[in-house]
Amino acid sequence: MAMDDPKTLVSTDWLEAHLKDPDLRILDGSWFLPTMNRDARAGYDAAHIPGARFFDIDEIADSRSELPHMAPPVEKFVSRMRAMGVGDGHQVVVYDQMGVFSAPRVWWTFRLMGKMDIAVLDGGLPKWIAEGRETEDLPPMVRDRHITVQRQAGLVKDVTQVAHASKLRDHEIIDARAHGRFIGVDPEPRPGLRQGHIPGSKNVPWMDLLTPENTMKSPDELRALFTAAGVDLTKPAICTCGSGVNAAMLTLALEIIGHRDHALYDGAWAEWGMFNDLRVATGEA
């Protein structure tokens, strides 16, 4: 069990102890793959941790891009957070309805905007409910709050930068997709994409980061996972996945083990798998 760290990961015990803190803000950052046939907003409306606001990953995104839920422009992030009453001086905790699945994407988005006081709830809503803790179905009272952001450009990579890293092998490109998709034998959930992986990338499937209880594994176990996958932890890392959500689980895991030099490839396989002029590798890394 990782120690409670309000900048990375906190336990349900920690959250319950701080639930009444005036400067705590809780976000439900649930998002589901199209194949899961679940409605994140309906789940939030039915039951959420007291005071939680709903962070819509698909809406708080760059609507100018044809790629799914790309990181939002600064102005859009600021306006949405102000309207949600989330701002300067707040400690934010984000959870999701799966356990740990999409919440790290919200955590990463805040960090991209220079907001470091955010943690993922370990085990998420399922653990909270399983422990008999309180939920509600009413929206919280929201007061507008000023928020100052400073975008951290180094935390995100575009396709040109990733292609460069793939060619030079000066970064570790780590792919969070399931192994069958990585080696190119299982189909992609999004139509029209090629199968395989970015040449030179390593595979650490997001499911492997979790215990059977859907909590994050210990720092030692996480470090061992990366090492076993052939990841050189002395190199800067670029994390990728299908559409940029599960890649954030890798960035969270790297942060937990003290590997600070990491970025996320936001276009991910939804972009790389689409363009025939980008090389694709199949088989084992």
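Structural data are supplied above this passage.
Residues numbered from 1 in each chain as written. Predicted model: local features only at pLDDT ≥ 70, side-chain atom pairs only at ≥ 80, totals over all residues. Heavy atoms only, no water.

Peer 1: Before we move on, could you go through the side chain of serine 102 and cite the residues and values that matter?
Peer 2: In this fold, serine 102 is placed in the loop between β4 (91-95) and α4 (103-112). Classification of serine 102 by relative accessible area gives buried; the value is 0%. A polar contact of 3.0 Å, which involves the side chain of serine 102, links it to the backbone nitrogen of tryptophan 31. Sequence-distant contacts of serine 102, defined by excluding residues within four places in its chain, comprise Gly29, Ser30, Trp31, Ile57, Asp96 and Val245. (Helix = DSSP H or I, 4+ residues; strand = E, 2+ residues; numbered from the N terminus. Buried < 20%, exposed > 50% of the residue type's maximum accessible area, 1.4 Å probe, protein only. Polar contact = N/O pair within 3.5 Å; in protein donor to acceptor, adjacent residues only side chain to side chain. Contact = heavy atoms within 4.5 Å.)

Peer 1: Provide a residue-level description of the sheet that holds strand β10 (residues 262-265), including the pertinent values.
Peer 2: Taken together, the five strands give an open sheet; going across it, the order is β6-β10-β9-β7-β8, and neighbouring strands pair in parallel fashion. At either margin of the open sheet sits one strand with a lone partner, and together these are β6 (156-157) and β8 (202-203). One ladder, built from two bridges, connects β6 with β10; its direction is parallel. Along β10, the bridge assignment pairs lysine 157 with tyrosine 265. (Pairing = 2+ DSSP bridges.)

Peer 1: Give a detailed account of α4, specifying residues and quantitative values.
Peer 2: Summarising burial for α4: 10 of the 10 residues are buried, a large majority. When we look at burial in α4, the residues that qualify are Ala103, Pro104, Arg105, Val106, Trp107, Trp108, Thr109, Phe110, Arg111 and Leu112. Glycine 114, located one to two residues past α4, shows a positive phi value of around 80 degrees.

Peer 1: Mind laying out the pattern of salt bridges, listing which residues take part and the relevant values?
Peer 2: Going through the model one piece at a time under the given rule, you end up with 19 salt bridges. Where arginine 64 meets aspartate 62, a salt bridge forms, and the shortest distance between an N and an O atom there is 2.9 Å. Judged by relative accessible area, arginine 64 falls into the exposed class, the value being 67%. The partner of glutamate 188 in a salt bridge is arginine 181, with the nearest N and O atoms 2.8 Å apart. Of the two residues, glutamate 188 and arginine 181, both sit in the buried class. (Salt bridge = Lys/Arg side-chain N within 4 Å of Asp/Glu carboxyl O.)

Peer 1: With reference to specific residues and values, describe the packing of helix α8 (residues 219-228) against helix α9 (residues 247-256).
Peer 2: Relative orientation of the contacting elements α8 and α9 amounts to 120 degrees, with a least axis distance of 9 Å. With respect to α9, the element α8 is oriented oblique. When the axes of α8 and α9 are compared, the crossing they make is left-handed. Each of Pro219, Leu222 and Phe226 in α8 lies in contact with α9, whose residues at this interface are Leu250, Ala253, Leu254 and Ile256. (Axes fitted to C-alpha atoms, helices over the stretch in contact; angles between N-to-C directions. Parallel < 35°, antiparallel > 145°, perpendicular 65-115°, else oblique. Left-handed = near helix turned anticlockwise from the far one by under 90°.)

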